[in-house]
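Spelled out from the first residue to the last, the chains are:
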Amino acid sequence: MTHQLESIPPIDYQQLIETIYHETKHLAQLGKVADYIPALARVNPDLFGLSVVTQEGKLHYAGDHEVPFSIQSVSKLFTFTLAFSHLGSSIWNRLDREPSGTSFNSLIQLEYEHGIPRNPFINAGAIVVADLLLDLCKDPLESLLSFIQELSGNNQVNYNEDVAESERLTGHRNFALAHFMKSFRNIHNPVEKVLDIYFHQCAIEMNTDSLAQSVSFLVHNGINPLNGKTVLNPSQAKRLKALMLTTGLYNESGDFAFRVGMPAKSGVGGGIVALIPDVLSIAGFSPALNEKGNSIACIEAMERFTTYSGKSIF
Ligand code: GLN
């Protein structure tokens, strides 16, 4: 007797994200828009966008996928990638690569750990990376922007100067973190200059279409599919995805890995970007956050995405 393998129809990602969009949109009501800076507190909490870019480069979207938003800590992914591509493993002289288990702006571990941040995706770690970029690039803000524009294929991506200034005026914790690390000699440049990079990277704006596209290089093992350029070598790309899985959502990284099963990075602007190597990347934006500073509707949407599609990294 012969068994005929039934061919499995390909997943209709457009249909899938539209369904998930409608199922999860109302969840924004359960969260709170970040209000620690006035520029973010003004964002409409009802905005919700989802975008998927497949390995073949096809874009699918639902909701407010064209509305630019403040990517905030998602930018830590790009600054780290830029510094890692230049420095390779010597970057670990200045940073660790363990989950912190503490909130993104916590000071607590830095004292015990002699000014070495637990990972590049908490604020302390990103501030060290900003310090590294000042040494690596002649004009770090210019280099960072063109790097992100190339990855996203969108030369409209830009800094929002009002948000950057608002961050500076209210960034007391970030100043404290930078000065504290400087006392351990883990910040080399003047604190004002380092934080100017940090506040600007947080104030980068883009929409979910561009954000999903901008991590396609990790779907393609380190190569930007838009121009064939190597962004990271395969070993570096592997390590970055491991870091995203273990630390990308601060002290909610374990729960996100458990529920969703994709390497990801979040920000308090309400954005989350995630990916499945060789398959696709997905970005979401919904500004209402849970108490860990992560978007409630985006997490639920991504959990449904991996559940319904049967695709994750596990
Ligand atoms: N600008 C924010 C801060 O430094 C970024 C934090 C985040 O997105 N988690 O507090």
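Along each chain, residue indices are assigned from 1 in the same order as the chain's sequence is written. Residues qualify for local features only when their pLDDT is at least 70, as the model is predicted, and side-chain atom pairs are given and counted only at 80 or more; totals for whole chains, interfaces and linings, by contrast, use all residues. As a convention, hydrogens and water are excluded, and side-chain values are obtained from all of the structure's heavy atoms.

A.B. asks: Any details on the sheet that holds strand S4 (residues 69-70)? Residues and values, ideally.
C.D. replies: Pairing between the strands of a sheet is mediated by backbone hydrogen bonds and can be parallel or antiparallel. For two strands to be treated as a pair, DSSP must find no fewer than two bridges joining them. Labels follow the DSSP assignment, with helices taken as runs of H or I lasting at least four residues and strands as runs of E lasting at least two, numbered in each case from the N terminus. If you trace the three strands from one edge of the open sheet to the other, you get S4-S6-S5, paired in antiparallel fashion. Two strands in the sheet have a free side with no partner beyond their single neighbour: S4 and strand S5 (158-159). The sheet contact formed by S4 and strand S6 (residues 204-206) spans two bridges and is antiparallel. From the neighbouring strand, Phe69 faces S6, where its bridge partner is Met206. Note on contacts: a residue pair qualifies if any of its non-hydrogen atoms lie within 4.5 Å across the two residues. Whenever a helix is involved, its axis is fitted only over the stretch in contact; in every case the axis is a line through C-alpha atoms, and angles between N-to-C directions fall within 0 to 180 degrees. This element, helix H9 (residues 191-202), spans S4, S5 and S6 of the sheet and lies at about 15° to S6.

A.B. asks: An account of empty space enclosed by the protein is requested, with residue identities and associated values reported.
C.D. replies: A pocket, in this scheme, is an open set of points on a 1 Å grid over the protein atoms alone with protein on both sides within 12 Å along at least 5 of 7 lines, while a cavity is a set where a 1.4 Å probe fits but cannot get out; residues line either one if an atom lies within 4 Å of a point. Grid points are joined across faces, edges and corners, and a volume is the space filled by probe spheres set on the points. Taken as a whole and assessed by the stated rule, the structure comprises one cavity of 30 Å³ or more. Looking at the largest cavity, its volume works out to about 50 Å³. Along its surface, the largest cavity is lined by Thr102, Ser106, Gln109, Leu110, Glu113, Ile116, Pro117, Arg118, Ile122 and Ala124.

A.B. asks: Can you tell me about unusual backbone geometry, naming the residues and giving the values?
C.D. replies: Backbone geometry places His114, a non-glycine residue, at a positive phi of 55°. Look at Asp278: it is not a glycine, yet its phi comes out positive at around 70°. Here Asp278 is to be found in the loop between strand S8 (271-276) and strand S9 (280-285). Here's how the labels work: a residue is buried when its accessible area is under 20% of the maximum for its type, exposed when over 50%, partly exposed in between, all with a 1.4 Å probe on protein chains only. Classification of Asp278 by relative accessible area gives exposed; the value is 56%.

A.B. asks: An account of the site of the ligand is requested, with residue identities and associated values reported.
C.D. replies: Surveying the vicinity of the ligand reveals the residues Tyr36, Gln72, Ser73, Phe104, Asn123, Glu167, Asn174, Tyr198, Cys202, Tyr250, Gly267 and Val268. Pairs of N or O atoms are called polar contacts if they sit within 3.5 Å, as long as, within protein, a hydrogen donor faces a hydrogen acceptor (for residues adjacent in sequence, only side-chain-to-side-chain pairs). Within the side chain of Glu167, a nitrogen or oxygen atom sits 2.7 Å from a nitrogen atom of the ligand. Here Val268 contributes a backbone N or O atom positioned 2.8 Å from an oxygen atom of the ligand. In these tables, accessible area is a Shrake-Rupley quantity obtained with a 1.4 Å probe, and a residue counts as shielded only by the protein chains included in the view. Coverage of the ligand by the protein amounts to 98% of the 300 Å² it exposes when considered alone. If even one non-hydrogen atom of a residue comes within 4 Å of a molecule or strand, that residue is called near it.

A.B. asks: Just give me the short version of the packing of helix H3 (residues 75-87) against helix H12 (residues 234-247), but keep the residues and values in it.
C.D. replies: Close contact between H3 and H12 brings their axes to 12 Å; oriented N to C, the two are set at 150°. On the basis of their axis angle, the class for H3 and H12 is roughly antiparallel. Relative to H12, H3 is oriented so that their crossing is right-handed. Residue-level contacts link Leu77, Phe80, Thr81 and Phe84 of H3 to Gln236, Arg239, Leu240, Leu243 and Met244 of H12. Between 65 and 115 degrees an angle is taken as roughly perpendicular, under 35 as roughly parallel, over 145 as roughly antiparallel, and anywhere else as oblique. Note on convention: the crossing is left-handed when the near helix lies turned anticlockwise from the far helix by less than a right angle, right-handed when the turn is clockwise.

A.B. asks: Give me the pattern of salt bridges: which residues, what numbers.
C.D. replies: A side-chain nitrogen of Lys or Arg and a carboxyl oxygen of Asp or Glu constitute a salt bridge if their distance falls within 4 Å. Inspection of the entire model under this criterion finds nine salt bridges. Across the salt bridge formed by Arg118 and Glu113, the nearest N and O atoms sit 2.8 Å from each other. Residue classification places Glu113 among the partly exposed positions, given a relative accessible area of 22%. Linked through salt bridges whose partners overlap, the residues forming this network are Glu23, Arg259, Glu300, Glu303 and Arg304.

A.B. asks: Help me get a handle on the pairing of strand S3 (residues 59-63), residues and values and all.
C.D. replies: As paired strands, strand S2 (residues 49-54) and S3 are joined by five bridges and run antiparallel to one another. Considered in S3, the bridge of Val52 is made with His60. Taking the residues that link successive antiparallel strands as the turn, the S2-S3 hairpin has four residues, and the phi of Gly57 there is positive, at about 95°.

A.B. asks: Explain the layout of surface pockets to me, using residue names and the numbers behind them.
C.D. replies: In this structure, the largest pocket encloses a volume near 390 Å³. Those elements giving two or more residues to the lining of the largest pocket turn out to be helix H7 (161-170), helix H8 (172-183) and H9. It is H8 that provides the largest number of residues to the lining of the largest pocket, a total of three residues. Residues that form the lining of the largest pocket fall into these classes: eight nonpolar, twelve polar and six charged. Each pocket or cavity is described by its volume, and for the second largest pocket that value is around 200 Å³. Elements that contribute at least two residues to the lining of the second largest pocket include exactly helix H2 (38-41), S4 and H7. As a working rule, the residues Ala, Val, Leu, Ile, Met, Phe, Trp, Tyr, Cys and Pro are called nonpolar, Asp, Glu, Lys and Arg charged, and the rest polar, with Gly in that last group. Residue composition of the lining of the second largest pocket, grouped by class: 13 nonpolar, three polar and three charged.

A.B. asks: Go over the nonpolar core with me, naming the residues and quoting the values.
C.D. replies: The biggest cluster of nonpolar side chains holds 64 residues, and the ones touching the most others in it are Phe78, Phe80, Ile127 and Leu240. In terms of residue count, the dominant contributor to this core is helix H5 (residues 123-136) (nine residues). With 27 residues, the next largest nonpolar core counts Tyr21, Ala264, Leu280 and Ala301 among its residues. In this text, buried Ala, Val, Leu, Ile, Met, Phe, Trp, Tyr and Cys residues form a nonpolar core when linked through side-chain atoms within 4.5 Å.

A.B. asks: Tell me about the environment of Ala41, residues and numbers included.
C.D. replies: Along the chain, Ala41 turns up in helix H2. Using a relative accessible area of 40% as the deciding quantity, one classes Ala41 as partly exposed. With near-sequence residues (within four places) excluded, Ala41 lies in contact with Val33, Ala34 and Asp35.

A.B. asks: How would you summarise the packing of aromatic side chains if you had to cite specific residues and measurements?
C.D. replies: Any Phe, Tyr or Trp ring, taking Trp's six-membered ring, that has another such ring centre within 6.5 Å forms a pair; planes under 30 degrees apart are called stacked, those over 60 apart edge-to-face, and the others tilted. Evaluation of the coordinates by the stated rule reveals eleven aromatic pairs. Taken together, a centroid distance of 4.2 Å and an interplanar angle of 5° make the contact between Phe69 and Phe285 stacked. Within this pair, whereas Phe69 is found in strand S4, its partner Phe285 is found in strand S9, the two being separated by 216 residues in sequence. Of the two residues, Phe69 and Phe285, neither departs from the other in class, the shared state being buried. Among the aromatic residues, ring-to-ring pairing joins Phe80, Phe84, Trp92 and Phe121 into one connected group. Just above the ring of Trp92 sits the side chain of Arg97; from NZ or CZ to the centre is 5.3 Å. A positively charged side chain is recorded as over a ring if its NZ (Lys) or CZ (Arg) lies within 6 Å of the ring centre. The angle to the ring normal must also be within 35 degrees.

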